[in-house]
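The chain contents come next:
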Amino acid sequence: MSIIILHGDIVYAPSADELAIHENSYIVVKEGCVEGIYPEVPEQYKGVPVTDYGRKMIIPAFSDLHVHASQYVQRGIGMDCLLSDWLNNYTFPQESRFSDMEYAKNCYDAFVDDLIRHGTFHVNAFATIHREATDYLFNRLEEKGLYGYVGKVNMDCNSPDFLIETTEESLRETEVYLDSHKGSKRVKAILAPRFAPTCSKPLIDGLGKLAAKYACGVHTHLVESLWEAEEALRLFPEYGSDAEIYERAGLMNHGPSIFAHVIFPSKEDIRILKKHGSYAVHCPDATTNIIAGIMPVQRLNEQGMKITLGSDIAGGHGIAIYKQVARAVQLSKLKEFYEPSESKTITLTQAFYHATKEAGSAFGKVGSFEKGYLFNALVIDTMEDPWMTMTAEERLERFCYIGDDRNIRARYIEGREL
Ligand code: GUN
Ligand code: FE
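What you see is a predicted model; the values in this text were computed from it and never measured.

**Examining the pairing of strand β6 (residues 120–126)**
Link 1 in the chain: Within β6, seven of the seven residues are buried, leaving the element largely enclosed by the surrounding structure.
Link 2 in the chain: As paired elements, strand β5 (residues 62–68) and β6 share five bridges and run parallel to each other. Along β6, the bridge assignment pairs D64 with V123.
Link 3 in the chain: With five bridges joining them, β6 and strand β7 (residues 147–154) adopt parallel strand pairing. When the sheet's bridge partners are listed, F126 is paired in β7 with G151.
Link 4 in the chain: Between β6 and its parallel partner β7, the chain crosses via helix α3 (residues 131–143), and the hand of that crossover is right-handed.

This is the structure:
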């Protein structure tokens, strides 16, 4: 049996209002799963070598629940536009290049390497409409041992000539894609209608049938801006809410339903998402860069919604989820300041929980160190200045605000060091 033991300051969030801190402790990992955390090595494990990380922190690896792998090369460009102009002027022309496999491979290789560098081991990614390139991304994530959902994007209307499919082509290519990844383990196929404005009703309904046939979930953008929310209901006039478009098609019954942004949800959107245990993904950087609306995180959390974090590369400019943890706190303050009746400031612990345990639940038992969770973990510097000491809570906060990949000193997936 494989057993490893690590020593350090062990930190994780079992709930939105609790940070579990075990300083100067030992974590025992059996067959890739957490067995327990102890102040001393228990008698039965004496003799197992201990990897000693001193006062460095051991934390769960991060999950990114909304990222466009295909926009990795676009980071930090076009950031003075809002959504519609940004899509038309930058994103659509860039994504059209994924018909060229050389281009796609370069982009996806760099993307996957950067995810690992920044400690994101579980990822829900949009690719593009191109099946061959999407397969490449899927296989690359698998090869590297990461956990993920990968979607071949669907768009059959209101899109430029160079980045559009017919309805039939979109459904046929999607089915080939789903069929070729049946039975996969760590990485899974997910349906990815881009958003209501670029998908016809026959396309959405056809995807609903594929969801049932291949037992898969859905990943899309939902009420992300006032423009998008209005456009969705203009194009789907017989529907009462953006979420109903996906619900009525049967897209929320066969796997995780993951909705990016959810900034302007109606009561009906919230009811539908709660009913299906859907994930709402807060993307702080993208929200400030191209959307200019802020998710009411604290209110939605109190209303029992599942809230997670995403980098939304390249609406967001950086891949590091720990920075999104800090930004989620910052934005919640602005939200409270400008709209005090809408939502209140959240804590760092709450934001960290959304980025680890809550987001991780989309992939299985990852994102926490409770017994039985997979040991997908990061070892983080102490983050202290040499002449002063800080609490573990303060050190975690500092990492989220001013840390970078150089402060990640070791990475483990299923108990195996990378
Ligand atoms: N809505 C439709 N497409 C996109 C995209 O590529 N990024 C973001 N942030 N929103 C979108
Ligand atoms: Fe997005």
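Once the structure has been displayed, the description carries forward.
**Things to note about the site of ligand 1**
Link 1 in the chain: Lining the immediate surroundings of ligand 1 are H68, Q71, L83, W86, L87, R194, F195, H221, E224, H261, I290 and D312.
Link 2 in the chain: In this structure, a nitrogen atom belonging to ligand 1 sits 3.4 Å away from a side-chain N or O atom of H68.
Link 3 in the chain: In isolation ligand 1 exposes 280 Å². Once the protein is present, 100% of that is buried.
Link 4 in the chain: Looking at the shell around ligand 1, the element that brings in the most residues is helix α1 (residues 83–95), giving three residues.
Link 5 in the chain: Counted by class, the shell around ligand 1 contains five nonpolar, four polar and three charged residues.

**A short note on the packing of aromatic side chains**
Link 1 in the chain: By the definition in use, this model includes 15 aromatic pairs.
Link 2 in the chain: Ring centres of F98 and Y108 lie 5.1 Å apart, and the angle between their planes is 40 degrees; on these two criteria the pair is classed as tilted. Highlighted residues: F98 in the loop between α1 and α2 (101–117) and Y108 in helix α2, separated in sequence by ten residues. When sorted by exposure, F98 lands in the same class as Y108, which is buried.
Link 3 in the chain: A ring pair is formed by Y246 and F259, whose centres lie 5.9 Å apart and whose planes are at 55 degrees; its orientation type is tilted. With a gap of 13 residues between them, Y246 in helix α7 (residues 242–248) and F259 in strand β10 (residues 257–261) connect regions that are remote in the sequence.
Link 4 in the chain: Connected via pairs of aromatic rings, a cluster forms that spans Y12, F369, F375 and Y412.
Link 5 in the chain: The ring of Y72 has R75 lying over it, and the distance from NZ or CZ to the ring centre is 3.9 Å.
Link 6 in the chain: Note that R248 overlies the ring of Y239, its terminal NZ or CZ placed 3.9 Å from the centroid.

Rules and cut-offs
Residues numbered from 1 in each chain as written. Chains lettered and ligands numbered in written order. Predicted model: local features only at pLDDT ≥ 70, side-chain atom pairs only at ≥ 80, totals over all residues. Heavy atoms only, no water. Buried < 20%, exposed > 50% of the residue type's maximum accessible area, 1.4 Å probe, protein only. Helix = DSSP H or I, 4+ residues; strand = E, 2+ residues; numbered from the N terminus. Pairing = 2+ DSSP bridges. Right-handed = clockwise from strand over helix to strand, strands pointing away. Near = heavy atom within 4 Å. Polar contact = N/O pair within 3.5 Å; in protein donor to acceptor, adjacent residues only side chain to side chain. Areas by Shrake-Rupley, 256 points an atom, 1.4 Å probe, with all protein chains shown as cover. Nonpolar A, V, L, I, M, F, W, Y, C, P; charged D, E, K, R; others polar. Phe/Tyr/Trp six-rings, centres within 6.5 Å; stacked < 30°, edge-to-face > 60°. Lys NZ or Arg CZ within 6 Å of the ring centre and 35° of its normal.

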